[in-house]
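Now for the letters of each chain:
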Amino acid sequence: MARPLSPRAAAARAVHEVSAQGRNLDRALDDTCAGLEGRDRAFARAVAYGTVRGYPRYAILTRRLLKRPPKRRDRVLADLIAVGLFQLDEMRVPAHAAVKETVAASRNLGLPAASGLVNAVLRRYQRERPALWEELSCDPEFRWAHPAWLIDRITADWPADREAVLEANNRQAPMWVRVNRRRAPPAAWAARFAAAGGKAEPGPAPESLLLDRPLDVAELPGFSDGEVSVQDAAAQLAAGLLDPRPGELILDACAAPGGKTGHLLELAPEADVTALDSDAERAGRIRSNLARLGLNARVSVADAGCPGDWHDGRAFDAILLDAPCSGTGVIRRHPDIKLLRRPDDIAALAAAQDRLLDALWPLLRPGGRLLYCTCSILREENAGRADAFLRRHGDAVAAALPGPWGRTDGPGRQILPGETGMDGFYYACLNKSKNGPSA
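Residues numbered from 1 in each chain as written. Predicted model: local features only at pLDDT ≥ 70, side-chain atom pairs only at ≥ 80, totals over all residues. Heavy atoms only, no water.

## Examining the overall build of the protein chain
Rules: Each helix is a run of DSSP H or I of at least 4 residues and each strand a run of E of at least 2, with the numbering of both proceeding from the N terminus. Taken over C-alpha atoms, the radius of gyration is set against a globule rule of 2.2 Å times the number of residues to the power 0.38. Note on exposure labels: buried denotes an accessible area under 20% of the residue type's maximum, exposed denotes more than 50%, and partly exposed covers the range between, all computed with a 1.4 Å probe on protein chains only. Contacts are residue-level and defined by heavy atoms, with any inter-residue pair within 4.5 Å sufficient. Here the Shrake-Rupley method, with its probe set to 1.4 Å, supplies the accessible areas, and only the displayed protein chains count as covering residues. Only four residue types enter the charge count, namely Lys and Arg as positive and Asp and Glu as negative; His and the chain termini do not. Every charge is mapped onto a representative atom, which is NZ of Lys, CZ of Arg, CG of Asp or CD of Glu.
Secondary structure assignment for the protein chain yields 17 helices and 13 strands. At 23 Å, the protein chain has a C-alpha radius of gyration in line with the 22 Å of a compact globule built from 439 residues. By its C-alpha atoms, the protein chain is 75 × 50 × 40 Å across when sized along the principal axes. The proportion of buried residues among the 439 residues of the protein chain is 54%. The long-range fraction of contacts in the protein chain, counting pairs at least 24 apart against all pairs at least 6 apart in sequence, stands at 71%. Counting every atom, the protein chain has about 19100 Å² of accessible surface; 50% of that belongs to carbon and sulfur. Distance from the positive charge centre (60 side chains) to the negative charge centre (55 side chains) of the protein chain: 5 Å.

Right, here's the structure in full:
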């Protein structure tokens, strides 16, 4: 049996699987960290996340520091160097230890002949860092650690907020929790958390609390009993905006992993909720989350855009469509989005969002409501989709959404990353006229 990778080698391998193979970072880490436990596993994850968060910058530096790119079979070497650069830039690790252990990781990765090169490159970076940063600071990808196409899209959509958005994306996200009011008021849970040595501040969603530091869920009082769930405050707004009521027939389309489904049922446990997801594994996560919360919903594996495969003919009172999107509002939580998304993805996602909206609208009863949301900050996926939908459907009316969170954008409201500590999210509430299409 092969011995586990060292923490730095595991981080480098995971970064490489994202950059070269397009894998999800969490799934890559699950594989590369097999055999690591406790602090070693946490260290590997912190290094991998930090390296991926700054990857556009570290890729530029690596190319600048290497005389020639590594051979294809040795491309993990460039990502190991990026891991070393991240440690020297961002971690409270003594520089000599960061260099020494990163050099050792090259041998752990099966590249012993490259150890001298890794040592030379990292030591050169230590000497030349100020000059390199001054030389490269005019390159937007280097300065902001984002791919150029995404910088351009953010600049076009949010010119006055560009720097704030890019900076927020490069910070680690805070930890928000949602308190189940059926079990305890948020203030009471916050008091329990304070008694355990933590601090929790109320947020913009009624059940939201912002924790003073990230914690393992096992350390959250009452987590296993369904008293509290981990969910960003921006995502928590969805259930309140849909306003579920007892006895209503509600659809949560694209529901995995089930956070919003659970929240809907916490607010209205007597509602009849159907939760869909097209992926069986992800649908299993919905069931697991509902079981922890002690709640029940009809969970089905189906494509929400093909109602003929799953719909029983009953009209829904309310539909939540948390549409598949670019995820550009949650980059601080999922930095691999910087590497995995491509410019031409956006038009394809917009087409998929239109398909879902048009497929679900006939399933809504007259007088019903559909809440459209994404965790994107790109207008093509957000206000652009809601505006286009309203033009296509004469029986749809946009409802005004209450603040004070976010800002009005088209028929809905947009939250940008970091605003009031929240992720980037878009919401538009589309009501179906009781009298059919307007003239």
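## Some points on empty space enclosed by the protein
Basically, it comes down to this: Definitions used for this entry: grid spacing 1 Å over protein atoms alone; cavity, a set of points where a 1.4 Å probe fits but cannot get out; pocket, an open set with protein on both sides within 12 Å along at least 5 of 7 lines; lining residue, one with an atom within 4 Å of a point. Grid points are joined across faces, edges and corners, and a volume is the space filled by probe spheres set on the points. Amino acids are sorted into nonpolar (Ala, Val, Leu, Ile, Met, Phe, Trp, Tyr, Cys and Pro), charged (Asp, Glu, Lys and Arg) and polar (every other residue, Gly among them).
Using the criterion set out here, one finds 1 cavity of 30 Å³ or more in the structure. Considering the residues around the largest cavity, the lining is formed by V179, N180, R181, R182, E207, H263, E266 and L267. In terms of residue count, the dominant contributor to the lining of the largest cavity is helix 13 (residues 259–267) (3 residues). Here the residues of the lining of the largest cavity are counted per class, giving 2 nonpolar, 2 polar and 4 charged.

## Side note on the pairing of strand 6 (residues 272–277)
As a general feature of sheets, a regular strand has side chains that alternate between the two faces. Going by this rule: Being paired, for any two strands, means DSSP has found at least two bridges between them.
Taking burial as the measure, the 6 residues of strand 6 include 5 buried ones, the bulk of the element. Sheet analysis places strand 5 (residues 249–253) next to strand 6, joined by 4 bridges and oriented parallel. Among the inter-strand pairings, D252 is bridged to a residue of strand 6, identified as A275. Bridge count for strand 6 against strand 7 (residues 298–301) is 4 bridges, and the pairing is parallel. Paired with T274 across the strands is R298, a residue of strand 7.

## Overview of the pattern of salt bridges
So the rule is basically this: Salt bridge, as applied in this entry: a Lys or Arg side-chain nitrogen positioned within 4 Å of an Asp or Glu carboxyl oxygen.
Tallying each qualifying case throughout the model produces 33 salt bridges. With a closest N to O distance of 3.2 Å, R355 and D303 form a salt bridge. Of this pair, R355 sits in helix 16 (residues 345–360) while D303 is found in the loop between strand 7 and strand 8 (316–322), placing the two residues 52 residues apart along the sequence. Looking at R355, the relative accessible area reads 39%, which means it is partly exposed. Each of D232, R332, R333 and D423 takes part in a single network of salt bridges with overlapping partners.

## Digging into the layout of surface pockets
Approximately 580 Å³ is the volume found for the second largest pocket. Taken together, 22 residues form the lining of the second largest pocket, with Y55, A59, R63, R75 and D79 sitting closest to its centre.

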